[in-house]
Amino acid sequence: MSTTAKAGWNDRVPSDRAWKARPGRNKAAVSAEQDRAAGGKDRRWIDLGDGRFARASVELKVLPRTRRIRAYLRWYDSGRSPTRYLGEVDGTRRAGNLADGWRIAGERGFLTERPLPEDSWAASPAVRSSMRGNRGKDTTPELRLRRMLYREGLRYRVGVRPVAELRRTADVVFTSAKVAVFVDGCFWHGCPEHHRPARTNSDFWREKIEGNRRRDDETDEVLRGGGWTVVRIWEHEDAEPAADRIASIVRSVKT
């Protein structure tokens, strides 16, 4: 048998990290990975017709003969699991290959926006998702940040008032170092990069967001006046560098 590879074939099998999922992940972790690759959970919809929609996933497979990675779009419909072939991807990391698969799905017109409920005030499904996902504690961005801080060897309190008499709760608090961390949602706190003004009931939402900003400024001023260091992280920020920044501040204060 010739050792020369056929034209268009790879010389070696791609690394597992380029296409295989980590074993032992739960359903929530699998869904979150797809959400990140697609750019949000509301970017994963396909139209099944007759007013029905399904949330799809991108699946990566390696062809044993060509040793190339192929991306497929998969969804569930009445007990069946149809697939569409998207194309070949060649990144070295699974996350990047998933993102490429979602990009191809969008370019080929496989994806759609699911219509909003008639009583929704949000301007788009993405805005509605942000509004719903960032109005409570233990949001996904908070959990990611806390995991990274824990890996840094830091210990902290969660969801407490840095100053007892001030009715403002910080997401992560380092009591001895007097460092208070707030993870701000892009919609509710008016992120300069991702906030998009609502088109429906716009006066109400503009006043609401401006009020939140004023409250944030007041909170920062009061805490700093009490000797606290305030750190604000946007929900869209990468958790790892954000945790590095916080750890540096906490350790410098202690030193």
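Scroll up to find the structure this text is about.
Predicted, not measured: the structure shown is a model, and the values here were computed from it.

Moving on, we get to the sheet that holds strand S7 (residues 170-174). Strand order in this open sheet of four strands is S6-S7-S8-S9, and the pairing throughout is mixed. Strand pairing shows two members of the sheet lacking a second neighbour, strand S6 (157-160) and strand S9 (229-234), which therefore form its edges. Strand after strand, the sheet turns through a mean of 30° between neighbouring axes, direction not considered. As judged from the three bridges shared by S7 and strand S8 (residues 179-184), these two strands associate in the antiparallel manner. Across the sheet, the residue bridging to Val172 is Val181, located in S8.

Here the focus is the nonpolar core. Membership of the largest hydrophobic core comes to 21 residues, with the highest contact counts inside it found for Val58, Leu60, Ile69, Leu73, Leu86 and Trp102. Broken down by secondary-structure element, the contributors of at least two residues to this core are helix H1 (27-38), strand S3 (57-62), strand S4 (69-74), strand S5 (83-89) and helix H2 (94-107). Of all the elements, H2 adds the most residues to this core, at four residues. Residues Leu149, Val181, Val231 and Ile233 belong to the second largest nonpolar core, which totals 16 residues.

Let us now look at the packing of aromatic side chains. Geometrically, a pair of aromatic rings is defined through the distance of the ring centres and the angle of the planes. Across all of its chains, the model carries three aromatic pairs by this definition. Centre to centre, the rings of Tyr72 and Tyr85 are 5.5 Å apart; their planes meet at 55°, and the pair counts as tilted. With a gap of 13 residues between them, Tyr72 in strand S4 and Tyr85 in strand S5 connect regions that are remote in the sequence. Taking relative accessible area as the criterion, Tyr85 reaches 33% and is therefore assigned partly exposed. Judged by centre distance (5.4 Å) and plane angle (85°), the rings of Phe187 and Trp188 are edge-to-face. Each member of the pair, Phe187 as well as Trp188, carries the same accessibility label: buried. Sitting above the plane of the Phe182 ring, Arg232 keeps its charged end 4.3 Å from the centroid.

This part covers the packing of H1 against H2. Where H1 meets H2, the axes come as close as 8 Å, and the angle between the chain directions of the two elements is 60°. Here H1 is positioned oblique relative to H2, judged by the angle of their axes. For the pair H1 and H2, the sense of crossing is right-handed. Where H1 abuts H2, its residues Glu33, Gln34, Ala37 and Ala38 lie against Arg94, Leu98, Ala99 and Trp102. When the residues that make up the contact of H1 with H2 are grouped by side-chain class, the tally is five nonpolar, one polar and two charged.

Spatial ordering of the open sheet is given by S3-S4-S5, a layout of three strands whose pairing is antiparallel. Strands with a single pairing partner mark the edges of an open sheet, and in this sheet they are S3 and S5. Adjacent strand axes in the sheet meet at a mean angle of 30°, parallel and antiparallel pairs treated alike. Alignment of S3 against S4, held across six bridges, turns out to be antiparallel. Bridge pairing in S4 links Leu60 to Ala71. H2 rests against S3, S4 and S5 of the sheet, and its axis sits at about 120° to S3.

Cut-offs applied
- Residues numbered from 1 in each chain as written.
- Predicted model: local features only at pLDDT ≥ 70, side-chain atom pairs only at ≥ 80, totals over all residues.
- Heavy atoms only, no water.
- Pairing = 2+ DSSP bridges.
- Helix = DSSP H or I, 4+ residues; strand = E, 2+ residues; numbered from the N terminus.
- Axes fitted to C-alpha atoms, helices over the stretch in contact; angles between N-to-C directions.
- Core = buried A, V, L, I, M, F, W, Y, C linked by side-chain atoms within 4.5 Å.
- Buried < 20%, exposed > 50% of the residue type's maximum accessible area, 1.4 Å probe, protein only.
- Phe/Tyr/Trp six-rings, centres within 6.5 Å; stacked < 30°, edge-to-face > 60°.
- Lys NZ or Arg CZ within 6 Å of the ring centre and 35° of its normal.
- Parallel < 35°, antiparallel > 145°, perpendicular 65-115°, else oblique.
- Left-handed = near helix turned anticlockwise from the far one by under 90°.
- Contact = heavy atoms within 4.5 Å.
- Nonpolar A, V, L, I, M, F, W, Y, C, P; charged D, E, K, R; others polar.

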